[in-house]
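So you can see what is in the structure, the chains are spelled out below.
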Amino acid sequence: MALQLGDEAPDFTAETTEGTINFHEWLGDRWGVLFSHPKDFTPVCTTELGAVAKLKNEFDKRNANVIAVSVDPIESHKGWVPDINDTQGTEVNFPIIADPDRKVADLYGMIHPNASDTVTVRSVFIIGPDKKIKLTLTYPQSTGRNFQEILRVLDSLQLTAKYSVSTPADWKEGDDVIIAPAISDDDAKERFPKGFTSVRPYLRLTPQPNK
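Residues numbered from 1 in each chain as written. Predicted model: local features only at pLDDT ≥ 70, side-chain atom pairs only at ≥ 80, totals over all residues. Heavy atoms only, no water.

1. A word on the overall build of the chain
Basically, it comes down to this: The numbering of helices and of strands both runs from the N terminus, where a helix is a DSSP run of H or I of at least 4 residues and a strand a run of E of at least 2. A simple rule labels every residue: compare its accessible area, found with a 1.4 Å probe on the protein chains alone, to the largest value its type can have, and call it buried under 20%, exposed over 50%, or partly exposed in between. The contact criterion used is simple: two residues touch if any of their non-hydrogen atoms lie within 4.5 Å. A 1.4 Å probe and the Shrake-Rupley method give the accessible areas. Residues count as covered only by the protein chains that appear here.
Of regular secondary structure, the chain possesses 7 helices and 11 strands. The C-alpha extent of the chain, read off along each of the three principal axes, is 60 × 40 × 30 Å. Put simply, the chain has 211 residues, and 45% of those count as buried. Excluding contacts between residues fewer than 6 apart, the proportion of contacts in the chain whose partners are at least 24 apart in sequence is 63%. Entry remark: accessible area of the chain is about 10,500 Å², with carbon and sulfur atoms responsible for 49%.

2. Here's the deal with the packing of aromatic side chains
Quick reminder of the rule: Here the aromatic set is Phe, Tyr and Trp, taking the six-membered ring for Trp, and pairing holds for ring centres within 6.5 Å; pairs whose planes are under 30 degrees apart are stacked, those over 60 apart are edge-to-face, and all others are tilted.
Tallied over the entire structure, the rule returns 8 aromatic pairs. Measuring from ring centre to ring centre gives 6.2 Å for Phe12 and Tyr108, while their planes differ by 85°; the resulting arrangement is edge-to-face. Of this pair, Phe12 sits in the segment before β1 (13–16) while Tyr108 sits in the loop between α5 (103–107) and β6 (122–127); the two residues are 96 residues apart in sequence, bridging distant segments of the chain. Here Phe12 and Tyr108 have matching classes, each one buried.

3. Some thoughts on the side chain of Thr90
Here Thr90 shows up in the loop between α4 (74–88) and β5 (96–98). In this structure, Thr90 is in contact with Gly50, Ala53, Lys54, Ile84 and Asn85, ignoring residues within four places of it in sequence.

4. Description of the pairing of strand β7 (residues 133–139)
To be explicit about the condition: Pairing between strands is defined by DSSP: at least two bridges between the two strands are required.
One ladder, built from 6 bridges, connects β6 with β7; its direction is antiparallel. Following the sheet pairing, Ile127 is matched in β7 by Ile133. In this antiparallel pair of consecutive strands, β6 and β7, the connection spans 5 residues, and Lys131 shows a positive phi of 70°.

5. A word on the sheet that holds strand β10 (residues 197–200)
Pairing between sheet strands relies on hydrogen bonds along the backbone, with the strands arranged either parallel or antiparallel. Taken together, the 4 strands give an open sheet; going across it, the order is β8-β9-β11-β10, and neighbouring strands pair in antiparallel fashion. Where the open sheet ends on each side, the last strands, each with one partner, are β8 (165–166) and β10.

6. Let's talk about the environment of Arg122
As a reminder of what qualifies: Any N or O atom pair separated by 3.5 Å or less is treated as a polar contact, with the protein-specific requirement of one donor-capable and one acceptor-capable atom, and with residues adjacent in sequence counted only for side-chain atom pairs.
Tracing the chain through its elements places Arg122 in strand β6. Between the C-alpha atoms of Arg122 and Gln148, which are 26 residues apart in sequence, the distance is 16 Å. A distance of 3.4 Å separates the side chain of Arg122 from the backbone oxygen of Pro140, its partner in a polar contact.

7. Quick look at unusual backbone geometry
Only a minority of non-glycine residues have a phi that is not negative, and only a minority of peptide bonds are not trans. We note that Phe41 has phi near 55°; this positive angle belongs to a residue other than glycine. Tracing the chain through its elements places Phe41 in the loop between β3 (31–36) and α2 (43–54). Phi angles above zero are rare outside glycine, and Asp170 is one such case at about 65°. Structurally, the position occupied by Asp170 is in the loop between β8 and β9 (177–179).

8. A word on α4
Every α-helix carries 3.6 residues per turn, so stepping three or four residues along brings you back to the same face. Which entries qualify depends on this criterion: In this analysis, the expected span of each helix is defined as 1.5 Å times one less than the number of residues it contains.
Between its first and last C-alpha atoms α4 spans 21 Å; for 15 residues at 1.5 Å apiece the expected length is 21 Å, and the two agree. Within the sequence span of α4, burial applies to Ile74, Ser76, His77, Trp80, Val81, Ile84, Asn85 and Gln88. Turning to α4, the residues buried within the fold contact β1, α2, β4 (64–70) and β5. Immediately downstream of α4, the backbone of Gly89 shows phi near 65°, a positive value.

9. Side note on the layout of surface pockets
In plain terms, the rule: Using a grid of 1 Å spacing that covers the protein atoms alone, one calls a set of points a cavity when a 1.4 Å probe fits there but cannot get out, and a pocket when the set is open and has protein on both sides within 12 Å along at least five of seven lines; lining residues are those with an atom within 4 Å of a point. Grid points are joined across faces, edges and corners, and a volume is the space filled by probe spheres set on the points. Put simply, Ala, Val, Leu, Ile, Met, Phe, Trp, Tyr, Cys and Pro go in the nonpolar bin, Asp, Glu, Lys and Arg in the charged bin, and everything else, Gly too, in the polar bin.
Its boundaries defined by the atoms lining it, the largest pocket holds a volume of some 210 Å³. Lining the largest pocket we find Trp31, Lys61, Arg62, Asp155, Gln158, Leu159, Ala161, Lys162, Tyr163, Glu173, Gln208 and Asn210. At 5 residues, the largest contribution of residues to the lining of the largest pocket is made by helix α6 (residues 147–162). Across the lining of the largest pocket, the residue classes tally to 4 nonpolar, 3 polar and 5 charged.

What follows is the structure in structure tokens.
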């Protein structure tokens, strides 16, 4: 059965480019972003891992660990990293899991037989400090991911975990947010001292509360 939002992220022990890890221990009390790529020494994957390396400080600011996985062995990963660094003008600064026996890929349902029965699709899992899955994304092999969107989702998840709000379409850090419908107007006045605008009784906007 496919993993769903709110499920516990499966734990595993695996070899990575930064040594052997136990996944839950490696996450600690931080958020986690686990993303798969189909194969080493391929063009789209090279650009993706380079993009993540360049954004590593942004993930760090959000108290989030990032880790990649593919079904290639560790020797392949280590041979590929210099190419990523050279072509993308960066230094890979996060671990890449070697998964030649497809243990991690199978735990997380990253192999979709209708796309390929041998390599992983481009999956993304955002995992909270409680080790629960907060977001899943699946891209085809041919389409590179937008990691700015993944940072945006992290911002939303971390904000909405602390406050009774939701984020509207195309929201970004600093924009107004939506007050949960279950909160009464009187309660909202206390919880959100910056005030709010009632577009409809069920649609009330307030400035981002932690800004």
